[in-house]
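So you can see what is in the structure, the chains are spelled out below.
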Amino acid sequence: IHSLHPTDSPYSYKVVEGVIYLVLSDSKYPVKLANAYLDDVQSAFTEELKTAFGAMDYRNKIETIEKPYFFIKFERVLKRKKAEFQDTGSKTNIERLKNDLTNVHNIMSQNIDLLLDREKNLNTMLGKAASLKENSKNYKDKTREVAFNLWLKRYLTILVVILVLLVFVYLKFFL
């Protein structure tokens, strides 16, 4: 829902499935109540579409309507909704505003919970990343040690033979 206040008559509108819902109101009329009115009108019109066309793609049906004032009987619903929302101080409208405020409070609480969970998850991920880095370093060191041990196993006998030959040659020629 978009609310604009370019003049003394602010208006709110929303677009759902190719249908534009628009309300102009007095500057003193609460924007939240105007938005609630739009939501009610939109849901009532959706119900009207369901009864007129069944549960299918309304947009295609709306685009093919050639008869002017096809939804003229919906005007009665609009008048009833207008009467419901006319008095901003009525118990029903105050309850709507309270419900809207409660919804906003719940959404904000959920967002804060999500942020806290996100921070917790980020801290967990940082811990895991540090652990992974340490494990990688240990793995690298162990790999070097294993590679050296394999090299020794492979060439140790050759080195021992060469060393024994060198000692033998040294003893034979230099002593």
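Before reading further, recall that the structure is shown in the block above.
Residues numbered from 1 in each chain as written. Predicted model: local features only at pLDDT ≥ 70, side-chain atom pairs only at ≥ 80, totals over all residues. Heavy atoms only, no water.

Caption draft 1: Inspection of the packing of aromatic side chains at higher detail. Per the stated rule, a full pass over the model turns up eight aromatic pairs. Judged by centre distance (6.1 Å) and plane angle (75 degrees), the rings of Tyr21 and Phe45 are edge-to-face. Here Tyr21 is found in strand β3 (residues 19-24), whereas its partner Phe45 is found in helix α1 (residues 31-53), with 24 residues between them in sequence. Neither Tyr21 nor Phe45 differs from the other in exposure class; each is buried. With centroids separated by 5.0 Å and ring planes inclined at 80 degrees, the aromatic side chains of Phe70 and Phe71 adopt a geometry described as edge-to-face. Its relative accessible area of 21% is what places Phe71 among the partly exposed residues. Aromatic rings pair up to connect Tyr21, Phe45, Phe70, Phe71 and Phe74 into one cluster. (Phe/Tyr/Trp six-rings, centres within 6.5 Å; stacked < 30°, edge-to-face > 60°. Helix = DSSP H or I, 4+ residues; strand = E, 2+ residues; numbered from the N terminus. Buried < 20%, exposed > 50% of the residue type's maximum accessible area, 1.4 Å probe, protein only.)

Caption draft 2: Local environment of the layout of surface pockets. In this model, the largest pocket occupies a volume close to 250 Å³. Lining the largest pocket are Leu22, Val23, Leu24, Ser25, Asp26, Tyr29, Ala34, Tyr37, Lys82, Phe85 and Gln86. Among the residues forming the lining of the largest pocket, the class breakdown is seven nonpolar, two polar and two charged. (1 Å grid on protein atoms, 1.4 Å probe; cavity = no way out; pocket = protein on both sides within 12 Å on 5 of 7 lines; lining within 4 Å. Points joined across faces, edges and corners; volume = space filled by probe spheres on them. Nonpolar A, V, L, I, M, F, W, Y, C, P; charged D, E, K, R; others polar.)

Caption draft 3: Quick look at the pattern of salt bridges. On inspection of all chains with the given rule, the structure shows eight salt bridges. For Arg96, the salt bridge is made with Asp40, and the minimal N-O distance between the two is 3.5 Å. Remark: Asp40 occurs in helix α1 and Arg96 occurs in helix α4 (residues 91-174); sequence separation between them is 56 residues. The residues Arg96 and Asp40 share a single accessibility class, namely buried. Between Glu47 and Lys50 there is a salt bridge; the shortest N-O distance is 3.7 Å. With Glu47 and Lys50 both in helix α1, this residue pair falls three residues apart, about one helical turn. Judged by its relative accessible area of 38%, Lys50 falls in the partly exposed class. Salt bridges here are not isolated pairs; linked through shared partners, they connect Asp40, Arg80, Lys81, Glu84 and Arg96. (Salt bridge = Lys/Arg side-chain N within 4 Å of Asp/Glu carboxyl O.)

Caption draft 4: Local environment of the nonpolar core. Within the largest apolar cluster, 18 residues are counted, with the highest numbers of intra-cluster contacts made by Tyr21, Phe45, Phe74 and Phe85. Residue assignment for this core shows that the elements contributing at least two residues are β3, α1 and α3 (75-86). Here this core takes 10 residues from α1, the largest share from any one element. Residues in contact with Phe85, not counting those within four places in the same chain, are Tyr29, Leu33, Ala36, Tyr37, Asp40, Asn93 and Arg96. (Core = buried A, V, L, I, M, F, W, Y, C linked by side-chain atoms within 4.5 Å. Contact = heavy atoms within 4.5 Å.)

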